[in-house]
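# Observations on the model geometry
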Amino acid sequence: MNRKGKILLVAALVAVVAMAFRVSWNALRDIASAVGADETAATLYPFVVDGLMALALIATLVLTDDARKFALRVLGTYTLASLVLNYVHGLVPKLHSDTGVTVDWTRLADWDPANWALVLLATSLPVGSIYFGSDLVAKVLHHRPAPIPPPVANAEESTETERIRSTADLPESTPAPITAAPWRMPDPVTVEFVKSTVPLKPMPAVAAAPVASIAPRPAPAESTRPRRATGRLPQAARSTRPKRTPAELLAEARKVTAGWPDVKVTAEGIRREVHTSPANARMLRDTLLAERATPAP
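Residues numbered from 1 in each chain as written. Predicted model: local features only at pLDDT ≥ 70, side-chain atom pairs only at ≥ 80, totals over all residues. Heavy atoms only, no water.

The helix and strand tally for the chain stands at eight helices and zero strands. Counting from the amino terminus, helix and strand elements in the chain follow one another as α-α-α-α-α-α-α-α. Buried residues in the chain amount to 20% of all 297 residues. Of the contacts formed within the chain by residues at least 6 apart in sequence, a portion of 62% connects residues at least 24 apart. Total accessible area on the chain stands at roughly 24600 Å², and carbon and sulfur atoms take up 64% of it. (Helix = DSSP H or I, 4+ residues; strand = E, 2+ residues; numbered from the N terminus. Buried < 20%, exposed > 50% of the residue type's maximum accessible area, 1.4 Å probe, protein only. Contact = heavy atoms within 4.5 Å. Areas by Shrake-Rupley, 256 points an atom, 1.4 Å probe, with all protein chains shown as cover.)

This is the structure in structure tokens:
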């Protein structure tokens, strides 16, 4: 919409609001007179109610977030209150009668609870206008609009470039097909599967180099003797000391342990002194201890 159309729209809105205010002004003035306002207060009463509605509407257009919601609540509350008072003015003919008949002071309805609610509503609207009007004005004065980002240099050119890039019917978007030049292949040659009659170049005969014969190596003869078991001690490694009989071992053990006490007669001590196996040492220990335990006849 151009500027002239916007001006006409605003002018029409102002005219409609002014005529609506004039209609509502008559009803609100009579309501104010019925609840005890004097002539001057009754004349100013419509400006208090409908004027705050206009202020709340302007604040709604300026404020944002929670402050805007608060302005909308004030606008809705005062609009509903003005509607109720205009409705009561139409229901009670005595409020706008020209016959000289007037209503009782502070009597807007026959039912007492409804009358009390209407009187409370009519008398509280001026006080609410002071509070809510001041709060809305303070919010508007302290409102800081969001900063407008600086204009981008060559914004129109960049937008136009993006638009052109996104167009699908540009000739550059579809490359022209590449036509490959035909490659001529050589003609096939017929080949016969027969021996060639072309004489070959004679090659000189090459004498074979003499190869020296390899003399056979003697292999060791296999032994017919059975192989000894692993871990068996060879005869040459065995001790040359003759094997002692049990009687000889006992005699030698008696000689060695003649001066030993009974507690010292152990298999390990006998094995070290007699140089025998652990089994023989245990046997000798048992025999010696048995002999010492047996009393002499």
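So, about the pattern of salt bridges. Side-chain pairs of opposite charge can arise whenever the charged atoms involved come near each other. A complete count under the given rule lists eight salt bridges for this structure. In this structure, Asp 262 engages Arg 292 in a salt bridge whose closest nitrogen and oxygen atoms are separated by 2.8 Å. In this pair, Asp 262 sits in the loop between helix H6 (246–256) and helix H7 (267–274) while Arg 292 sits in helix H8 (residues 278–293), placing the two residues 30 residues apart along the sequence. In this structure, Glu 268 and Arg 272 form a salt bridge, with 3.1 Å as the shortest nitrogen-oxygen distance. Here Glu 268 and its partner Arg 272 are both found in helix H7, four residues apart, which amounts to about one turn of the helix. The class for Arg 272 is exposed, based on a relative accessible area of 55%. One network of salt bridges, with partners in common, ties together Glu 268, Arg 271 and Arg 272. (Salt bridge = Lys/Arg side-chain N within 4 Å of Asp/Glu carboxyl O.)

Turning to the nonpolar core, a few remarks are in order. Among soluble globular proteins, nonpolar side chains are generally buried collectively. Tyr 45, Tyr 78, Leu 85 and Leu 125 are the most contacted members of the largest nonpolar core, which has 24 residues in total. Contributions of two or more residues to this core are made by helix H1 (3–34), helix H2 (39–62), helix H3 (65–91) and helix H4 (112–141). Sorting elements by how many residues they give to this core places H3 first, with eight residues. Contact partners of Leu 85, with chain neighbours within four places excluded, come to Leu 28, Ile 31, Tyr 45, Leu 121, Ala 122 and Leu 125. (Core = buried A, V, L, I, M, F, W, Y, C linked by side-chain atoms within 4.5 Å.)

Moving on to the environment of Thr 257. Along the polypeptide, Thr 257 turns up in the loop between H6 and H7. Residue class for Thr 257 comes out buried when judged on its relative accessible area of 2%. Setting aside anything within four residues of it in sequence, one finds Thr 257 in contact with Ile 270, Leu 288 and Arg 292.

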